[in-house]
Amino acid sequence: MAKKVEKKKQPESKVYTCSECGREISGNHVYIKTKRRTELHIHYGCMPMGRRDEHEG
Ligand SMILES: [Zn+2]
């Protein structure tokens with residue numbers, strides 16, 4: 001009887017850590033590449049307000 005070796009294929013699911021809340025990110029998220037070759041992964045909900053409106057507050 002030949003032994004059948006089954007290798008479980010692990011999906012390449014890279015686990016990122018949110019730069020804002022520090023929790024793991026799974027699925028779609030915001031990817032930011034800074035000038036310092038730093039890659040940031042942030043939840044959509046953790047994205048800091050980037051809107052610069054004239055009216056602050
Ligand atoms: Zn987050």
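As shown above, the structure is provided for reference.
Residues numbered from 1 in each chain as written. Predicted model: local features only at pLDDT ≥ 70, side-chain atom pairs only at ≥ 80, totals over all residues. Heavy atoms only, no water.

Caption draft 1: Geometry of the coordination of the zinc ion. For the zinc ion, the full set of protein donor atoms is Cys18 (SG), Cys21 (SG), His43 (ND1) and Cys46 (SG), at a range of 1.9 to 2.4 Å. One can describe the site at the zinc ion as tetrahedral: its four donor atoms subtend angles covering 101 to 117° at the metal. We note that the donor set of the zinc ion lies within a single chain, spaced as C-x2-C-x21-H-x2-C. With Cys21 in the loop between β1 (16–17) and β2 (24–25) and His43 in the segment after β4 (39–42), this pair connects stretches of sequence that are 22 residues apart. (Donors = N, O, S within 2.8 Å, 3.2 Å for Na, K, Ca; no water. Tetrahedral: all angles 85-135°; square planar, octahedral: opposite > 155°, others 65-115°. Helix = DSSP H or I, 4+ residues; strand = E, 2+ residues; numbered from the N terminus.)

Caption draft 2: Geometry of unusual backbone geometry. For Arg37, which is not a glycine, the phi torsion comes out positive at approximately 60°. On the secondary structure map, Arg37 appears in the loop between β3 (30–33) and β4. Classification of Arg37 by relative accessible area gives exposed; the value is 76%. (Buried < 20%, exposed > 50% of the residue type's maximum accessible area, 1.4 Å probe, protein only.)

Caption draft 3: Up close: the environment of Lys14. You can see Lys14 is positioned in the segment before β1. Separated by 13 residues in the primary sequence, Lys14 and Gly27 have C-alpha atoms spaced 9.7 Å apart.

Caption draft 4: Structural view of the pairing of β3. Where β3 and β4 come together, four bridges link them in antiparallel fashion. Directly across from Tyr31, in β4, lies its bridge partner His41. Counting the residues in the hairpin turn of β3 and β4 gives five residues, including Arg37, whose phi is positive at 60°. (Pairing = 2+ DSSP bridges.)

Caption draft 5: Local environment of the side chain of His41. For His41, the position within the fold is in strand β4. Side-chain polar atoms of His41 contact the side chain of His29, separated by 2.8 Å. Setting aside anything within four residues of it in sequence, one finds His41 in contact with Tyr16, Thr17, Cys18, Ser19, Ile25, His29, Val30 and Tyr31. (Polar contact = N/O pair within 3.5 Å; in protein donor to acceptor, adjacent residues only side chain to side chain. Contact = heavy atoms within 4.5 Å.)

Caption draft 6: Focus on the environment of Tyr44. Tracing the sequence through the fold places Tyr44 in the segment after β4. For Tyr44, a relative accessible area of 55% translates into the label exposed. When the C-alpha atoms of Tyr44 and Asn28 are compared, they prove to be 8.1 Å apart, with 16 residues separating the residues in sequence.

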